[in-house]
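Listed here are the chains, written in short residue letters.
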Amino acid sequence: MKKRLLINDFMLIAAIIICLILLSFAIYMPSESDEVTVMYGNTVYGKYSLSNDITEAIGDSGVVIEIKSGKASVIKSDCSDGICKAGKPIEKNSGNGASLVCLPNKVAIIKGSSVTPKEADAVAG
Amino acid sequence: MQVNKLSKISVSALFTVFAAICGILEGMLPLQLIIPVPGVKLGIANIFIVFAFKCLGAPFAIAVSLARTLLVFLFTGNAMAFALSISGALFSFVSLYFMMKLQNKVFSYIGVSSVCAVFHGAGQIALAYIIIGNAVLYYLPALLIVCALTGVFTGALMNVSEKKVLSNFKV
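Residue positions are given per chain, counting from 1 as you read along its sequence in written order. Each chain takes a letter, starting from A, and each ligand takes a number, starting from 1, following the order in which they are written. Local features are withheld for residues below a pLDDT of 70 in this predicted model, meaning they are given only at 70 or higher, and side-chain atom pairs are given and counted only at 80 or more; totals for whole chains, interfaces and linings count all residues. Side-chain descriptors were evaluated using all non-hydrogen atoms of the structure, hydrogens and water having been removed beforehand.

Peer 1: Quick one: what's the story with the pattern of salt bridges, residue by residue and with numbers?
Peer 2: Residue and element names in this part refer to chain A. Any carboxyl oxygen of Asp or Glu that lies within 4 Å of a side-chain nitrogen of Lys or Arg is treated as forming a salt bridge with it. Applying the stated criterion to the full structure yields 1 salt bridge over all chains. K92 is the salt-bridge partner of D34, the closest N and O atoms lying 3.9 Å from each other. Placement of D34 in the loop between α1 (3-27) and β1 (35-40) and of K92 in the loop between β6 (90-91) and β7 (99-102) is noted, with a sequence separation of 58 residues between them. Given a relative accessible area of 27%, D34 falls into the partly exposed group. Helix numbers and strand numbers start at the N terminus; a helix is a DSSP run of H or I with at least 4 residues, a strand a run of E with at least 2. Three labels apply to residues, based on accessible area from a 1.4 Å probe with only protein chains included: buried if under 20% of the type maximum, exposed if over 50%, partly exposed otherwise in between.

Peer 1: Run through the side chain of H120(B), naming residues and quoting values.
Peer 2: With respect to the helices and strands, the residue H120(B) is situated in helix α6 (residues 109-132). A contact between two residues is defined here by any heavy atoms of the two lying within 4.5 Å. Setting aside anything within four residues of it in sequence, one finds H120(B) in contact with S85(B), G88(B), A89(B) and S92(B).

Peer 1: I'd love a proper account of the packing of helix α4 (residues 58-76) of chain B against helix α5 (residues 79-99) of chain B, names of residues and values included.
Peer 2: All names here are of chain B. Running from N to C, α4 and α5 point in directions that differ by 165°, and their axes come no closer than 9 Å. What the angle tells us is that α4 and α5 run roughly antiparallel. Judged by the twist between their axes, the crossing of α4 over α5 is right-handed. Contacts from A58, A61, I62, S65, L66, R68, T69, L70 and F73 of α4 reach α5 at A79, F82, S85, I86, A89, L90, F93 and Y97. To get an axis, fit a line to the C-alpha atoms, keeping to the stretch in contact for a helix; angles then go from 0 to 180 degrees between the N-to-C directions. Any angle between 65 and 115 degrees counts as roughly perpendicular, while under 35 counts as roughly parallel, over 145 as roughly antiparallel, and the rest as oblique. In this scheme the crossing of two helices becomes right-handed for a clockwise turn of the near helix relative to the far one and left-handed for an anticlockwise turn of less than a right angle.

Peer 1: How would you summarise the packing of aromatic side chains if you had to cite specific residues and measurements?
Peer 2: Aromatic ring pairs are described here by two measures, namely the spacing of the ring centres and the angle between the planes. Residue and element names in this part refer to chain B. Ring pairs are drawn from Phe, Tyr and Trp, using the six-membered ring of Trp, whenever the two centres fall within 6.5 Å, and their geometry is named by plane angle: stacked under 30 degrees, edge-to-face over 60, tilted for the rest. Enumeration according to the criterion identifies 9 aromatic pairs over all chains in this entry. Both rings, one in F15 and one in F48, keep their centres 6.2 Å apart while their planes meet at 40°; by these two values the pair is tilted. Placement of F15 in helix α1 (residues 2-28) and of F48 in helix α3 (residues 46-56) is noted, with a sequence separation of 33 residues between them. For the pair formed by F15 and F48, the shared burial category is buried. On the numbers, 5.4 Å between centres and 90° between planes, the contact of Y97 with F98 is edge-to-face. Classification of Y97 as partly exposed rests on a relative accessible area of 35%. Classification of F98 as exposed rests on a relative accessible area of 52%. Counting every residue linked through ring pairs, the aromatic cluster contains F53, F93, Y97 and F98.

Here it is in structure tokens:
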């Protein structure tokens, strides 16, 4: 194996990882927002405060979310993956934009309240 | 000429089966317990797609890639994973096509495999973005960093196994 090729490989991978780490600083910045937005099929289903405990079924999606002790999580989903249930709950100090996504049921819980129906429609269009 | 084409079809069928078996076995590994990022896989199946490209050419490699995705879907029945996998496979194939022109001149398989893995992850996120919107962008940096690192692992495997595999499947 040529040493020069391996050096090129690691320079390339280091460049990719540095770019992604810089991007992650922007995305994973902690925020003190108290709200989560629930999206269902690309439209805003509702906005909930992390301070109020609730358990709610999201429309006819088969997904049930729970906000308890300042943490939002998915407690029930009829999809086979279960990735949303296994995801880390969203809490007050989670990064702005932190999310739990159930792709098969098209449900997402997103930290923050900046997602507006207009933005959501733009995504859908 | 005809014999050569038949040999290529037979070898691509073998690569497809190897890749599908690796894909199914990888799906059983609880990798997300160690790396808590949704959809994370080692990507060992991609070794066979890169080798298919190397010894059979681009058309056979894309055929192997799509056929193995379809085979894994038939065994697992997970439609969403199938759609994400197709999207990732197409993105990753575009990058593979260009990276293979640089393979052994500028980069070894480690560089090729890492870039392809990153494009595979980006392709999956792109489809998820179309389905559900910007909620999935939160996973983008973490998923792509893990993809780059798993690409190093599969690339290293390709570097050490290239001679043996390609000498056995010379067409």
